[in-house]
Structures are given as C-alpha cells and as structure tokens.
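Inside the fold
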Amino acid sequence: MKAWKQRTAWLCFILNVLLFALVSSSYTKPTPPAQATMHASFFTPTPQVQAMTSGNYITRVFTDAHGMQMTYYLFFPIDYDPQKRYPLVLLLHGGDERANVGNPPDQNRNVLLNQDYVKVWGPGLPGQSSPDVQAQYPTFVVIPQVDDPQHWVDVQASQGSYILAAQPTDSLRMAREIVDALQKQYPNIDAYRLYITGLSMGGYGTWDAIERWPGYFAAAAPLAGAGDPSKASRLVNLPIWAFHGSGDGGVPVSGSRDMIQAIKVAGGHPRYTEYAGAGHEIWAMVYSTPAFFSWLFSQHNSYPRPDSAHRLRRTATPSLLRTLETWLRSLLKSLETWFDSLLRMLKTWFGSLLRMLEPWFGDLLRIWETWFSSLLKMLETWFSSSLRTLETWLGSLLRIWETWFRAIFL
C-alpha cells in the first residue's frame, strides 16, 4: 500500500473514533420521574413531562450556595411543550400564608395553595366569571413560601414607605435565585417575559425587588404594598400597575401613592388603581380583571437584562432603539399636551363668545354650548384613544425592529 493510502486510512480511522466519542458524550440517560417533593438547585435535572401536566402546583425545596433552604411551589403551563417559550410569574404571598416550621409540610402547603389568589394563576377557580389564566396565557407560576417570622422585607406592614436596606432579606434573595435556577433548568422560559406580583407583605416584596433589580422583570403589579420613594428613578422605564384600597387598615394607602407620585416626578408613567372605600383585601378585584392579565402578559423587556445570558455583542443597536423609543414617547406626550391646550383654548374662546351673545340669543346659545361641550369631549376621547393606539403600534414596531437587529447582531 502506498504511503498516501496509509495516511488516508489512518485519518479515516481517527475521524471515526472522534465521531463515536462525540456521539457517546452527547447521550444522556433519561431522568427518573419527578417526585411530589423535589430538591432543587442550580443544576437540578429536569422532571419528566408527567409532572408538568398534573394541573396543580408541585412542591420543591431550593437550597442556595450557603445551604439555606426555601420551599416553593411550581405550576407548569397547561399542555406544556418543551419546544415552546413561556413567560414566568413570580407571586409573593402575604404575611398570613407564611410557613410554620413546627407544622407538617402538607399543612404549610395547604395554608398557601388553598388561597383563591394562588389558585387563580394555576388550576383556576370555578365559575364562569373567573379568568382562565392558563388557557389564555400558559405560563410558569412560582410561589416561594417564607418561614414565619421572616418577611420579604424587614418592615412592619403598617409603616408604609421606608428606606431600602443595603441588602435584600434572605427570603427575597432566594426568591430571585429560584427564578434564576428555573431559567437554567428550563431554557424555554422566556427571559424577556418575567413578571412579579404580590399582595400585602408580598406587595412590599414586589416594590423591594424591582427597586433592587429594575431590569430583571418585564412588568410588576404590587397590591397593597409600599417601597422606597427615593429610589423611584430606577423604575421610570419599568411597566408597573399598582393597586390599593383607599380604606386599607393594614397597609397605609400612602405606601402606593408615594411610590406612584415619585415615579411620575422622575419621568415614569406607572399605572395606579385605587379602589374607593376598599379595605386591605383587594386581590379579588385585581386578579379577576381580564384587562389586568391582558396588560401583564403583553409586556416584554425591551432590552436584555445586564445579567442575562441573552446579551447582545454590540451595544449600539439597543442604545439606538432606546433613544428612538424615548423620542417617540416624548413626541406623543407633546402631541397630547398640545391637543389638550388647543381644546382648552377653544373652550375658553367659545365660552367668551357665548357670554357676549347671550343677551340676544338666550336659550339657543345654551343649546349650542351643550352641543359644543359634547363635541369637545368626543374629540378629546377620540384623540386620547388614537394616541394610545399609536403608542401600542409603535411599541410593536420597535419590538419587531429589535428582533430583527438581534438576529443580525447575536
């Protein structure tokens, strides 16, 4: 055999060996079926699909890098498909649903998961008026449970606004780490659609979390909570819809009012709904509103989080899109302000004209005044609706551009 033939034969042999080794190393044994209670860490194997389609929360225990543990409950999207991308909702419970370390785990589980405000996100509530969240918006739902007497934030519920501590509580820190771990475990969790909501003690936790990690979540919905107004400038670009009852005797309504006002002063545009005369228990009014879920699940992070694996290699494109988005918002705001001024000027002018002509025309002018006021009101409503539609359309266009740019620069 000639020398070149020998070399060719040896080369083919070596390539076959390398190919066999590569295929063997990529083979992984199937994971065993998930148990009712599982220990989770950053490298927990993925449970089989049977555990994902049970239609109820599964119990897990998270262990952090220091050996601290936290029980949490996880709901998989209905008809879970590993090939699809899903959002994730982090739900922070109230103070009455904390775990008593002296009680059996099942009892602590029932204390939290039997709450209707928990059921509505996963299995759902019976009744035609109940929103079927999972049917409309299949999503992961994760609910960590705090051990009594710990809190999401070390603040008394009756305090209201407070000063952000230098570090989060262990409970809030581990809640964040659980979400991090789940994203590693389930790569089909959409890192651009992480949402946080909570009520009462969880409302405090929601404000605290977004002030500490303002770019981590795509949207936040704190109920009957409070935060640190001095950190409001961190939240000007985050979609927020806060809720509170004006008659809340547990958490002062000033907690939400202070935060919303501070964000607006800083240049943000948060949503705020205050239920007149309502007390502390407002979750049923919030988590039963289709408009709320539609708003929440339509939110996307415009840009990758600083600590996200989905990071662009070039920063010029996000900066350009952010500048364009800011400019468009300013333009829409200027248009709205100009149109409001125009309507006020027309109303003032027409009122002066009517007062001048009233001695001659009387009742006819009053009819004209009613008609003109109705016309102005109709124009104002139409213009405001048109601006909202235009803002939604421009937001969708920016997301399309962002996806296109990301495909180029990734």
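Below is a short write-up of the structure. Not measured: the values here are computed from a predicted model.

This part is about the environment of leucine 90. As for its position among the elements, leucine 90 is in strand 4 (residues 86–92). The exposure class of leucine 90 is buried, given its relative accessible area of 3%. Along the sequence, leucine 90 and tyrosine 195 sit 105 residues apart, while their C-alpha atoms lie 6.1 Å from each other. Once residues within four sequence positions are removed from consideration, leucine 90 is found in contact with Val142, Pro144, Val179, Tyr195, Ile196, Thr197 and Phe217.

One pass over the structure, following the stated rule, counts 25 aromatic pairs. Pairwise contacts between aromatic rings join Tyr117, Trp121, Trp241, Phe243, Tyr275, Trp283, Tyr287, Phe292, Phe293 and Trp295 into one cluster. Taking NZ or CZ as reference, arginine 176 lies 5.2 Å from the ring centre of tryptophan 213, over its face.

What follows is about helix 6 (residues 201–212). In this model, helix 6 (twelve residues) spans 17 Å end to end at C-alpha, consistent with the 16 Å of a helix rising 1.5 Å per residue. Burial runs high along helix 6: twelve of the twelve residues are buried. Among the residues of helix 6, Met201, Gly202, Gly203, Tyr204, Gly205, Thr206, Trp207, Asp208, Ala209, Ile210, Glu211 and Arg212 are the ones counted as buried.

This next bit is on the pattern of salt bridges. A side chain with one charge may pair with a side chain of the opposite charge, provided their charged atoms come close. Under the counting rule described, the total for this entry stands at nine salt bridges. As a salt-bridge pair, glutamate 177 and arginine 173 come within 3.1 Å of each other at their nearest N and O atoms. Highlighted residues: glutamate 177 and arginine 173, both in helix 5 (residues 170–185), separated by four residues, approximately one helical turn. A relative accessible area of 17% places arginine 173 in the buried class. Between lysine 231 and aspartate 228 there is a salt bridge, with its nearest N and O atoms 3.1 Å apart. Among the residues examined, aspartate 228 registers a relative accessible area of 1% and is labelled buried.

The rules behind the values
- Residues numbered from 1 in each chain as written.
- Predicted model: local features only at pLDDT ≥ 70, side-chain atom pairs only at ≥ 80, totals over all residues.
- Heavy atoms only, no water.
- Helix = DSSP H or I, 4+ residues; strand = E, 2+ residues; numbered from the N terminus.
- Buried < 20%, exposed > 50% of the residue type's maximum accessible area, 1.4 Å probe, protein only.
- Contact = heavy atoms within 4.5 Å.
- Phe/Tyr/Trp six-rings, centres within 6.5 Å; stacked < 30°, edge-to-face > 60°.
- Lys NZ or Arg CZ within 6 Å of the ring centre and 35° of its normal.
- Expected span 1.5 Å × (residues − 1).
- Salt bridge = Lys/Arg side-chain N within 4 Å of Asp/Glu carboxyl O.

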